[in-house]
Amino acid sequence: MTQTRVRDAKHKPAQRAHRGDAGEVAPLRPLEFARWAWRQLTSMRTALVLLFLLALASVPGSLIPQRSVNPVEVAEFIRANPTLATWYERLGLFDVFSSPWFAAIYLALMVSLLGCVIPRSVQHWRLVRSRPPAAPRHLDRLPAYRTWVTEAAPGDVTERATQELRRSGYRVEPRAGVSVAAERGYLREVGNLGFHLALVAVLIAVAVGNLFGFRGTVLVVEGNGFANTVTQYDGYQAGRLFDESQLPPFALTVEDFHVRFETQGEQRGSVREFAAKVSYTTEPGAPEQTYNLRVNHPLQVDGSQVHLLGHGYAPRFTVRDGRGDVAFSGPVPFLPQDGRFSSTGVIKVPDARPEQLGFQGFFLPTAVIDPQRGPVSAFPDALRPAVYLTAYHGDLGLDSGVPQSVYRLDMRGLKQFRTASGDAFRVALTPGQEVTLPGGAGTISFDGYARWVNLQISRNPGEPIALAAAGLALGGLLLSLVVRRRRVWVRATAARGRTVVEVAGLDRSDPTLAPRRDRAAPTDARNDLATEIDTLATALAQHAPPVREEPGCS
Amino acid sequence: MQLIGSLALASASDNFVAGATIVMVLAMLAHAAEWAFIRERRTADALAVPAQGSGREAEHDRADAAQEAAAQGAEALGSHRGAVAVLERPDGGDDATGRSERSETFRRIGIALTILATGLLGLGVISRGLAAERVPWSNLYEFAITGSFILLTTYLVTLRRLGLWFLSLPLVGFVLVVLGLAVTVLYLPVSGLIPALQSYWLVIHVSAAVTATAVFSLGAVTSLAHILKARQERRVTEAPTGVLANLPPAAAIERIAYRLHAFAFPVWTFALIAGAIWAAKAWGRYWGWDPKETWMFITWICYAAYLHARSTAGWRDKVSWIALVAFGALLFNLIGVNFLINGLHSYSGF
Ligand code: HEM
C-alpha cells in the first residue's frame, strides 16, 4: 500500500520582508539608518511589544479614577491625596486615555500596522494574480508526502490530479504529464489584512466622533421642558469641528416620571424600572410627538439621541421674606448621595428682602431616625419624605459675576441663622409644614416633591463607521483563523515503463506545522494537512493503482 | 402560586449545583486514581526496559506509528483513547498491564462522573433561568455556574477530537475550584434585574463573553500543561517519569492550546463589539473606558498578542506564558474589577 509520513520539514516558508531581523552593527548612513528604523518599527516583534505596552498603559486607567469616567471621584482623590495628585496630574494619570503617552503608543502601533499591512497587501495582490509556484525538487521533504508506483500513464495522473484539486477549491497549474501545482486559501491573507485595516478604521471612527460629535447633559424636573441650545445644558462637550448652530432645534418636555424599586428580598431597594414620558417637537412649529424614554431605549431625534441616565428628587419649597412677600416657590433638584437616595442640595433666594436668604440641607425619601447616625433614608422610594435644613442670610454672591454651582452656597457673604441660645438654627420638615426663621426674617414651607431626570443628548457621527469597521474586523478575523493556506504538488515521473506518483503538501497558515525540531507528531494531527494529502492520494490511487511488487516507500 | 413555583425552581437549582459539585469531587478522585496508576506504570516501565535506547526516541516512534495508523483510518488501534494509547507499552509485563487496565477503568469512571456532573449542572443552570425568568448569567454566581457548564461541555465534546484526555485531572480540579467558590462566596439568591440589564443585549453580549471565558479557561489549563511538559522535555533526556510523562509531546499540547484560543478569540471579539453596541444603547456612548470595559480591552489585546506571538520568530516558545498572562487579565476582570473597583458595571458582582 501507499504510505504517508508527516515529517520534519526542512522547508522554511519565505521570510516576510517585515520580519527581517537586520542585525548588522556597522555604522549606518542616514538613509540606511532610516530604512533600518522603519524595518524595526514595522517588524512583528515591535508590534508585539507595542501591544503589550498598550495593555500595560491601560491598567492605570482602570485603577486610578478618571476624569472622563467619574470627575467627582477624581476631585475626591485630589482632596484626599494632594501631593500624590500633583504627580498624577503631571503624568496625565487622571486622563490616561487622552494622554500624550497613551496616544504615542497607539499611534506607533497604527504606523507599524500600516507599514506592515500595506506592503503585505501589495504582495498578496501579486500572489493572487500569479500562478501557483512549480513543484520543488525534493517533494519528500515537505511536511506531508505520499508516493507510489503505478502503471497508469503520467498524463492520466496529472489530469486526474488537476480535476481532483479543482474540485476541492484549489487554483491549479498543471503541466500535463509532468506535475501539477495547486494553491488555495488566498482568503486567509485577505481576512488578515482586512482585520488589521479595519482596526485602523475603528481608530478613524473614534477620531471622527471626537471631532464632529457633541454630548450634553441636562437635568429636567418633571413637568418642565428643555430646548436644545447650549445655554440650557448643565454640561456640554463638543468636537472641534462641531458648530453649535448644528444642534438640532428640538424641544422636549418631561411629562411624567415613573420609578419602581424592589421591595423585598436581598436586593430590596434596587431599582427595577424607570421611565420618563416625554413629549417633543423636532423643530419649532412641528407636530408634537410622545415617547416613553427608558434605559436601553433612547429617543432618536434628528440624528441625535436622547438617553435617560439617572433620576432624583426635587423637593418643592415656598419662601416668604421678612416683608411677607413670596420670594421663591418651586422645586429644587437635590443630588442623590447614596443608593437610598439621601439627597443634598441648596435653595438660593436672591429676591428675599431686606437680606438674601439661603438654605442648605438634605432630603430623605423615607426618613427614619437611626440611633447612632441620626436621620437617614431607609428606602429609595418616597414613602415618608422629609427635609432637614440650616438657614443663612446675607449676600449670596450671585452678582459678583463669578459662576456658581447651583448645588453649593458661597459662604463668604452669608451668616448662619442661630437660635436664641446661640445654636445653629435647624429644622426638620415634612410635606405641608412651614417654619418661621429667627428674628422674623421670613418663613419656609416644604410643599412636597417632584422628581427629576438626567438626560444626555448626543450625536456621534463616528458610530456607524465604528460599527462597520468592527464588523469588518470580525469577518476578517474569522476568515484568517478558519481558512487554511495550502500548497499541494503532484508529480508523475516516468521510470522503467511505470510511473512514480508523488503527492506532497505544505500548510502555510500554521507556523508550528512547517519547521519542527523533533519528530513528535501532534496528537490532533490527524493533522488535517496529512488527511487532505491522504484523501487526494487515495482518490488518485483509484485511477492509478499502486503496483503490488514494489511497495513505494521512500 | 407563581411565586411558589419560582421559589421551588430556585431551590431545585441550588440543589442541582450542589449535587454537580459533589459529583465533580468524585470525578476528581477517579481521575486522581487514574493518574496514580499511570504514574506507577510509567515508573515500572522505565525500570523494566532500559535497553531500548533512548526512551524518548522510542516514544516518538510510537507516536509516528500511531499517526500513521490514524491517518489510514485505523480506528482499531484505539485512537479514541488518544494520548494514553500512544504511550502504552505492550511489553511492560503483567503487572504493568494490570495497572494500565486499572488506570483505564478509573479514567472511564472519571469521565462518566464528569458527564453526570455536567448534566446536573446543566439542570441547575436551566432551573435557575426559569426561576428568575431571564437568562441565567447576570451576576457573578450565575456567570460561574453557566461558564463551568459550557467549559465542561466543550471539554467533553472535544475530548475525542482534540485528544484532551491528558487534561482530565487539572481540568476537573479547575472547575471544582470555580464551583466551590460559586456556591460558597459568590452565591446570590434569584432576583430581578436593574434597568440597564433589561435588554436582549444581555443575552447576546454575556452569552458570548461567558462562552469565550469558558474556552479561554480550557485553553489556559492546556497552556499550563504545555509549559510543564516543555520544561520536562528540556530537562529530562532519559525516559520521562512522573505524571508529566502521561502528557502528549509539548508541541502537540501547544497546538491544542492554539486551537482553543483561536476559537475563543473571535467569540471574545464579538462579545466586545456587542458590549459596545449595548453601551451605546444604554449609556449613549459605545466606549467609555469604564474599568470593566478597560479590562475587557486589556484582555483582548493580550490574547491578540498571544496570536501574534505565535507567528513571531523567537517568541514561539513563550506563547503559553502569554496565554496565561492574558487569562490573568480575564480573571482580574471577573474578580478584581467586580470586587475592588467601582464602576458602572459593578452591579455584576453584588
Ligand atoms: C492594533 C494592533 C494589532 C492587533 C490588535 C493585531 C491582532 C492580530 C491578531 C488577532 C492576529 C491573529 C489573527 C490573524 O491571523 O489574522 C494577527 C495576525 C497578524 N498580525 Fe496583527 N495585530 C495588530 C497589529 C499588527 C502589526 C503592527 C503588525 C505588523 C508589524 C501585524 C502583523 C500581523 C501578521 C503578519 C499577522 C499574521 C500572522 C500569521 O500569518 O499567522 N499586526 N494580528
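Residues numbered from 1 in each chain as written. Chains lettered and ligands numbered in written order. Predicted model: local features only at pLDDT ≥ 70, side-chain atom pairs only at ≥ 80, totals over all residues. Heavy atoms only, no water.

Trainee: Describe in detail the coordination of the iron atom of the ligand, supporting the description with residues and values.
Mentor: Looking at the metal site, the iron atom of the ligand is ligated by His196 of chain A (NE2) and His308 of chain B (NE2), spaced 1.9 Å from it. Here the iron atom of the ligand is ringed by six donor atoms whose angles at the metal span 82 to 178°, and the overall shape comes out octahedral. You can see His196 of chain A sitting in helix α7 (residues 186–212) and its partner His308 of chain B sitting in helix α9 (residues 291–310), one on each of two chains. Across this residue pair, the class does not change: His196 of chain A and His308 of chain B are buried. (Donors = N, O, S within 2.8 Å, 3.2 Å for Na, K, Ca; no water. Tetrahedral: all angles 85-135°; square planar, octahedral: opposite > 155°, others 65-115°. Helix = DSSP H or I, 4+ residues; strand = E, 2+ residues; numbered from the N terminus. Buried < 20%, exposed > 50% of the residue type's maximum accessible area, 1.4 Å probe, protein only.)

Trainee: Please provide a residue-by-residue account of the pattern of salt bridges, values included.
Mentor: Across all of its chains, the model carries 27 salt bridges over all chains by this definition. Residue Arg120 of chain A pairs with Glu189 of chain A through a salt bridge whose shortest N-O separation is 3.3 Å. Taken together, the positions of Arg120 of chain A in helix α5 (residues 100–129) and Glu189 of chain A in helix α7 put the pair 69 residues apart, joining distant regions of the chain. As far as the burial class goes, Arg120 of chain A and Glu189 of chain A line up, both buried. Linking Glu142 of chain B and Arg128 of chain B is a salt bridge whose minimum nitrogen-to-oxygen distance equals 2.7 Å. Placement of Glu142 of chain B in helix α5 (residues 140–163) and of Arg128 of chain B in helix α4 (residues 93–132) is noted, with a sequence separation of 14 residues between them. We note that Glu142 of chain B, like Arg128 of chain B, is buried. One continuous salt-bridge network, built from bridges that share partners, spans Arg184, Arg484, Arg486, Asp507 and Glu532 of chain A. (Salt bridge = Lys/Arg side-chain N within 4 Å of Asp/Glu carboxyl O.)

Trainee: Which residues make up the nonpolar core, and what values do they have?
Mentor: With 171 residues, the main nonpolar core has Val306, Phe317, Phe359, Leu455 and Ile457 of chain A together with Phe216 of chain B as its most contacted residues. In this structure Ile457 of chain A touches Phe214, Arg215, Gly216, Val218, Phe226, Asn228, Tyr233, Phe250, Ser304, Gln305 and Val306 of chain A, once residues within four positions along its chain are discounted. Counting residues in each nonpolar core, the second largest holds 22 residues, with Ala152, Val157, Val172 and Ala537 of chain A among its members. (Core = buried A, V, L, I, M, F, W, Y, C linked by side-chain atoms within 4.5 Å. Contact = heavy atoms within 4.5 Å.)

Trainee: Tell me about the state of the cysteines, and please be specific about residues and values.
Mentor: Considering all chains together, one arrives at zero disulfides over all chains under this definition. Note on Cys302 of chain B: no disulfide assigned, nearest cysteine sulfur contributed by Cys116 of chain A at a separation of 20 Å. (Disulfide = S-S within 2.5 Å.)

Trainee: Provide a residue-level description of the pairing of strand β2 (residues 144–150) of chain A, including the pertinent values.
Mentor: Residues and elements named next belong to chain A. The element β2 is extensively covered by neighbouring structure, given that seven of its seven residues are classed as buried. Examined bridge by bridge, β2 and strand β25 (residues 498–507) share seven bridges and lie antiparallel to one another. Bridged to Thr147 within β25 is Glu502. (Pairing = 2+ DSSP bridges.)

Trainee: How would you explain the packing of α7 of chain A against helix α8 (residues 463–482) of chain A if you had to name every residue and give the values?
Mentor: Residue and element names in this part refer to chain A. Two numbers describe how α7 lies on α8: the axes approach to 7 Å, and their chain directions differ by 160°. Considered as vectors, α7 and α8 are oriented roughly antiparallel to each other. The way α7 lies across α8 gives a crossing that is left-handed. For the pair formed by α7 and α8, the contact residues are Leu187, Arg188, Gly191, Asn192, Phe195, Ala198, Ala201, Val202, Ala205 and Val208 on the first element and Ile465, Ala466, Ala469, Ala470, Leu472, Ala473, Gly476, Leu477, Leu479 and Ser480 on the second. (Axes fitted to C-alpha atoms, helices over the stretch in contact; angles between N-to-C directions. Parallel < 35°, antiparallel > 145°, perpendicular 65-115°, else oblique. Left-handed = near helix turned anticlockwise from the far one by under 90°.)

Trainee: So what about helix α8 (residues 250–283) of chain B? Which residues, and what values?
Mentor: With 34 residues, α8 of chain B extends 47 Å from end C-alpha to end C-alpha; this agrees with the ideal 50 Å at 1.5 Å per step. Of all 34 residues making up α8 of chain B, 28 are buried, and the element is well covered by its neighbours. (Expected span 1.5 Å × (residues − 1).)

Trainee: I'd like to hear about the confidence of the model for chain B, residue by residue, with values.
Mentor: All names here are of chain B. Mean pLDDT over chain B stands at 81; residues scoring 70 or higher make up 77%. Note on residues 48–93: pLDDT is under 50 here. Beyond four places in sequence and across chains, it has 58 contacts. In the model output, the complex is listed with pTM 0.84 alongside ipTM 0.85. (pLDDT = per-residue confidence, 0-100.)

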